[in-house]
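For reference, the chains in residue letters:
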Amino acid sequence: MSKGKLLALVLIVAAFFAGRYFFATGPVQMTDSRGGASYGGNQEATADGERRSGSLVRGIHMAPMTGQVHEVRAGEKIMDTVKLAQSGDTIHVYPGTYSETVYIDKDNIRLVGIIEEGQRATLDGKGHLNDAILYSGNDIVVENFLITKYKGNAIMGQAGNNFEIRNNIIVDTGVYGIFPQLGKNGIVTHNVISGIEDAAIYVGMSDNIHVAHNHVFDSVAGIEIENSRHAIVENNFVTNNTGGILAFITPGLPVKTTYDVIIRNNFIVGNNHKNFAAPGSTVAGIPPGTGILIMAADEVVVEGNIISDNKTAGIIITDHNNAPNTTIDPESDPAPDKVAILDNLMSNNGYDSIDEVKALMLTEFKTGKVDIVRVGVSRDSCIINRHQYVTVGVDKWAECGFTHTGDVLTYLLDEPVPPREIDPAEAGKVAYLGICAGCHTYTGRMIGPPVQVIQALYMDDPQGLADYIANPVKKRDDYPQMPPQDYLDPATRLAVAEYMLSVTK
Amino acid sequence: MKFLLRLLILSIVMPVEAAGQEFVLKDSCPPSFELRDSGCYLVSRYQFYDSLQNRGVGGTQTGLPEYRDGFSPQQIDLGRYLFFDPILSRDGSLSCASCHQPDKGFSDGQARSIGIDGQVTRRGAPSLWNVAFLKRLFWDARADSLEEQALGPLFAPDEMANTPLQLMQAMESSEHYPALFAQAYPQTAEPLSLENLTHALAAFQSSLVSLNSRYDRYALGHHQALSEEEIAGMNVYRSFVARCAECHTPPLFTNQQVAVIGSPEPEGLPLDVGAEKTFNAAKLKGGFKVPSLRNIVRTAPYMHSGRFDSLREAVEFYTKGRGHAVPDGVQMQIHWHIWEPQLTEQEIDDIVTFLDALTDESLMPSIPGRLPSGLAAVHDNSNNKHNPPREHSDE
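In every chain, residue numbers begin from 1 and rise along the written sequence. As a convention, the first chain written is A and the first ligand written is 1, with the rest following in written order. Only residues with pLDDT of at least 70 are given local features in this predicted model, and only at 80 or more are side-chain atom pairs given and counted; all residues enter the totals for whole chains, interfaces and linings. Hydrogens and water are ignored here; the side-chain numbers use all heavy atoms of the structure.

As recorded by an unreviewed UniProt entry, chain B carries the name C-type cytochrome and is attributed to Bowmanella dokdonensis. The annotation that UniProt attaches to chain B under Subcellular location (unreviewed entry) is "Cell envelope". UniProt positions are given in the numbering used here, feature names are shortened, and annotations may be inferred rather than shown by experiment.

The name given to chain A in an unreviewed UniProt entry is Right-handed parallel beta-helix repeat-containing protein, with the source organism recorded as Bowmanella dokdonensis.

Okay, here's the thing in C-alpha cells:
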C-alpha cells in the first residue's frame, strides 16, 4: 500500500469518527436529472411496434450553467455568497442550519441545497425572521432546501421570470410556502409543504405556470392560482388542508384576470382541516372540507382528479357576490365563466356540508353527499358525465365540446423569456437623457456646465469622461461638485460619455 | 449642508425673466424628455424592462405602466406658468403651487390643505411627482385623467373657488396669456380654452418624474447604492410580514388600487368614506387610492387627512392591529394585507430608513421668476418654514 493510499484510508477513518461535517469534503457530484438520457424501457415493450412517448415537464433551464460554482457550508452565511455571485453562477449550500433571509436581486442564479445522506441545508427562521428566500431576478432556481419557522414566506418571488422552485421541504413558514408573484414562465414541482396559514403554494399575478408533483397538506389552502393565466396544476397530492386547490380572481389587485387554468390528475383528498387563516384574509372564508374552489376565474378545466372525502363539497364554483371576505373591483368580472368539469373520480364528498350548501340543495329538491356546487353567476360553463355526481346549480350547464386536456402538455414557453438585450448605444442615450440631462443642457447653464463645454474638454477622450463621471472632483468655483455616477456600470458610463460627446443640440 | 446646496440649486435654475419682456415659451423639452415630432417623450432606464400584463408593477427590474407624455415643449412650459399663477383662483390668492409646493414634494406640509379665504379642505394635497403614471386621480379615485382632475380644485368652492366663466374672462383679458396659448396650441381654432388650459396643466405635471433615487440605482443593478440599513429596511418593506410592497409596489411604489386600510381621521373629524362615494359601494367605505411613496419624506403629514405627523407614525399604524382605528359601529371591509405583522421597533425604523432612499428631485422644474398675469407668486417657497419633519439628519 502506497503512502498516499494509506493517508487516504486514515483520512476516511478519521472523517468517519469525527462526524460528517467535521471535515469539509470536496464538492459532491451532482447529476442533473432534468435532461440527459431517458430510460429506454425493456426491449419487449417495443417488440410490437413503436411506443407512445411524451416528455415530462421537468425544468426551464436545461442548458448547463456556465458560471462559477460557489460552496456554502454550515457556519457561513448564504447571503455572503449571493452577494459575490454573478449571473450564471451556481451556489451549493451544504447541510447545516442557516438562519437568515436570502435575497437575490440578480439574474440567473441557481441556489441549490446539497442533500447528503438525507441531511438538507436547513433555513430556520427561528420564529422571528420574515422570509427565507426572496428573489426579484429572472432565471432563479431554488431547490433541495428544508425551510421552517419563518413569519412570512419560505420562497417568495417578486417579478422574476423563468423561475424553478423544486424539491424543497417546507414546514410552517407562516403565510405562504412558495409564492411566486408577478412572474412569467415558472415551474413549482416536487415540493413538500405543510403547516401554512394561507396557501402552501400560491401563484399570484403570473403567466405560463406549471405546478406539479407537490405534496401539500395541513395548510389552510393547498394550491392557489390567483389573478394568473395559462397555468397547469397537475399530479399534486393535496390532503388535509381547509381547501385543496383554488383558482381565484381576487378583486382589488392590479392584474385583473384569471383564465386558462387546467387542474388535472391531482389527488384532492380529505381537505377538512380547521381553518386557521389570519382574520380578514381571503382564505379565511373557505369552509373546511372544500376540494376545489373556483372563484370568478374563467376557463378553468377540471379533469382526471381523484376528489374524495372533502366534507363540504368536492368542487365549489362561486362568483364574488357569494364569497365572503372579498372587496369589489369595477375592473374585475365577478363571475366564473367557461368552467369545464370533465371526468373526475369523485367519492364521499359533501358528507357534512355547510348550511348554505344544504339550503341550495333544497332549492333543487336534492339531498345527500354533494360533489359539485355552483353558486352565483357562471356563464358558458360545461360538464360531461354529470350523471355521475351529486350537483347543485349545474343542471343547466351545457355538455362540453371537448373531453380531455391531453393536447396541452404544458403552458411553459418553448424558450425562457429572453433577457432584454440592451444595445450599448441605446443605454448611452437613455442614461444621457434620463440622468445627465437633469443637470446639463447643450448650451445653457443649469446645475452643471453646458455639454458644449464638456465636449470641448473631452472630444477625443470618451474613456476619460467615463472615468471622470465615476469619480468627479470639484472643478469649478461657480458650479457645485458633480455627484459620482458610479451606479452606472463601466460599459454604460462609456456609452453615455460617447453619447454626450456626440450630441449636437 | 445639502439644504444649502438645494437653495443654491434652486437659485441657479431660477430663469431670468426681466419685467416688461415678452413671454416666449420654451422650445426644448424638460430634462429626461426627448423631443420627437414636436412632442416630448420620457426617457428612463426602466424602459429597458417589461412588466407582467404591462401593469407596471413588480420587483426591481420591472417596466413602467402606461403614462402620459408627448406634450409639446410649449404646452409643458405654458402649464408651468399656469401652475404657479394665482390668476387661476377666484381672487388671485391661490395658485396650484399653493397646495403643491415644489419644495414640499409638491404637497403643502398641511394635514388638510387650505383653500380660499383660509378654508380648511377635507383632505391633504397629494404629491404630484409621477402623476403621469396614474390612471386615477384624487384620494378617492374620482377622476380618470389629469385634465378632469384639474377641474376639481379650480372650481371647488373651498379650494380655488373660480368659475369657468370668470376664469376664462381673466385669461382673455390678461396681457400675455392669449399669445402664450397661441404659441402652445397653434393648430387649435380657439387656442385659449378651458380644455387647453387643463391640458397644459396636465402637460406640465406629466414632466414631474422621479425615477432616479438611490433605490432606483440599486434596483437597476448598483447594489452599493443603498446602505446595509437601507437594504435591511427594503427587505422588511417587501417581506410578506410587513407587506408594504404588496400595495406600494415598485417601480412606482403604488399598485394604483383603492385600499381600505382604516386609518384614523384627525381628532374630532367625522369619518371620510372616501371611495365608497366614488364607486357607490359600501365595501369601499374608507377606501383611498394607494399613494406612491416616492419622495415620501418630503410630504408629511401623512394619510388622506394628515393624521400622522411623521413617517414613523404612519408606518407604525400598520402594526397596531387590523382595524384598530375604525370608529365604533362602522362596518369597514379592511384590506386583506392589513394584518398583525408584529414588526419590531427596529423593523419599523428600518422601513423608515429605506423610504428615505426613494427620494429623487433631480427633475425639479424651474419656478417662473415672473408670471404672465403680472400677479406675484403666492405659494410658499421660503424653503424653511413648515419644512416637513425629516426622519434623518444625514441630509
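A. Local environment of the overall build of chain B. When helices and strands are counted, chain B shows 13 helices and four strands. Radius of gyration: over C-alpha atoms. The globule rule applied is 2.2 Å multiplied by the number of residues raised to the 0.38 power. Over its C-alpha atoms chain B spans a radius of gyration of 21 Å, differing by no more than 12% from the 21 Å that the globule rule assigns to 395 residues. Projected onto the principal axes, the alpha-carbon positions of chain B cover approximately 60 × 50 × 45 Å. Three labels apply to residues, based on accessible area from a 1.4 Å probe with only protein chains included: buried if under 20% of the type maximum, exposed if over 50%, partly exposed otherwise in between. Burial statistics for chain B: of 395 residues in total, 61% are counted as buried. In chain B, the share of contacts with a sequence separation of at least 24, taken over all contacts with a separation of at least 6, comes to 71%. The way it works is that DSSP assigns letters per residue, a run of H or I at least four long becomes a helix, a run of E at least two long becomes a strand, and they are numbered from the N terminus. Contacts are residue-level and defined by heavy atoms, with any inter-residue pair within 4.5 Å sufficient.

B. Quick look at the sheet that holds strand β24 (residues 267-269) of chain A. Residue and element names in this part refer to chain A. The pairing criterion for strands is at least two bridges between them, as found by DSSP. Across the sheet, which stays open at both edges, the ten strands sit in the order β3-β6-β9-β12-β15-β18-β21-β24-β27-β30 with parallel pairing between neighbours. Each edge of the sheet is formed by a strand with only one pairing partner; in this case those strands are β3 (96-98) and β30 (345-347). Mean inter-strand twist for the sheet, computed between neighbouring axes without regard to direction, equals 10 degrees. Judged from the three bridges that link them, strand β12 (residues 169-171) and strand β15 (residues 192-194) form a sheet pairing that is parallel. Each bridged residue has a counterpart across the sheet, and for Ile169 the counterpart in β15 is Val192. Note on method: axes are straight lines fitted to C-alpha atoms, helices fitted across the in-contact stretch only, with angles between N-to-C directions ranging 0 to 180 degrees.

C. Molecular detail of the domain arrangement of chain B. Residue and element names in this part refer to chain B. An automatic or database domain assignment supplies the start and end points of every domain. Assigned domains of chain B: these are domain 1 (2-205) and domain 2 (214-356). Distance from the C-alpha centre of domain 1 to the C-alpha centre of domain 2: 26 Å. In this complex, domain 1 contributes 38 residues to the contact, which on the side of domain 2 involves 34 residues. Every case where a carboxyl oxygen of Asp or Glu lies within 4 Å of a side-chain nitrogen of Lys or Arg is listed as a salt bridge. Joining domain 1 to domain 2, the criterion identifies two salt bridges.

D. Fine view of the environment of A:Leu412. All names here are of chain A. Relative to the helices and strands, Leu412 is located in the loop between β34 (398-399) and α5 (424-434). For Leu412, a relative accessible area of 11% puts it in the buried group. Taking the C-alpha atoms as reference, Leu412 lies 25 Å from Ile306; in sequence the two are 106 residues apart. In contact with Leu412, other than residues within four places in its own chain, are Val57, Ile60, Asn185, Gly186, Ile187, Asn208, Ile209 and His210.

E. Spotlight on the interface of chain B and chain A. Contacts between the two partners involve 57 residues from chain B and, on the opposite side, 64 residues from chain A. Once two parts are brought into contact, the accessible area they lose, counted with a 1.4 Å probe and summed over both, makes up the buried area. Buried surface at the junction of chain B and chain A, both sides included, amounts to about 5,100 Å², of which 59% is carbon and sulfur. By the criterion of area lost to chain A, the three top residues of chain B are B:Phe48, B:Leu52 and B:Trp336, representing 16% of everything that side buries. Across the chain B-chain A interface, the total number found is five salt bridges. Linking A:Glu331 and B:Arg136 is a salt bridge whose minimum nitrogen-to-oxygen distance equals 2.5 Å. Any N or O atom pair separated by 3.5 Å or less is treated as a polar contact, with the protein-specific requirement of one donor-capable and one acceptor-capable atom, and with residues adjacent in sequence counted only for side-chain atom pairs. There are 22 residue pairs in polar contact (both at pLDDT 80 or more) connecting chain B and chain A. Broken down by secondary-structure element, the contributors of at least two residues to the side of chain B that touches chain A are α1 (2-13), β1 (33-36), α8 (214-219), α9 (228-237) and α10 (244-247) of chain B. Examining the composition of the side of chain B that touches chain A, we find that five residues originate from one element, α9(B), more than from any other. Within the side of chain B that touches chain A, the residues separate by chemical class into 25 nonpolar, 19 polar and 13 charged. In this classification, the charged set is Asp, Glu, Lys and Arg, the nonpolar set is Ala, Val, Leu, Ile, Met, Phe, Trp, Tyr, Cys and Pro, and all remaining amino acids, among them Gly, are polar.

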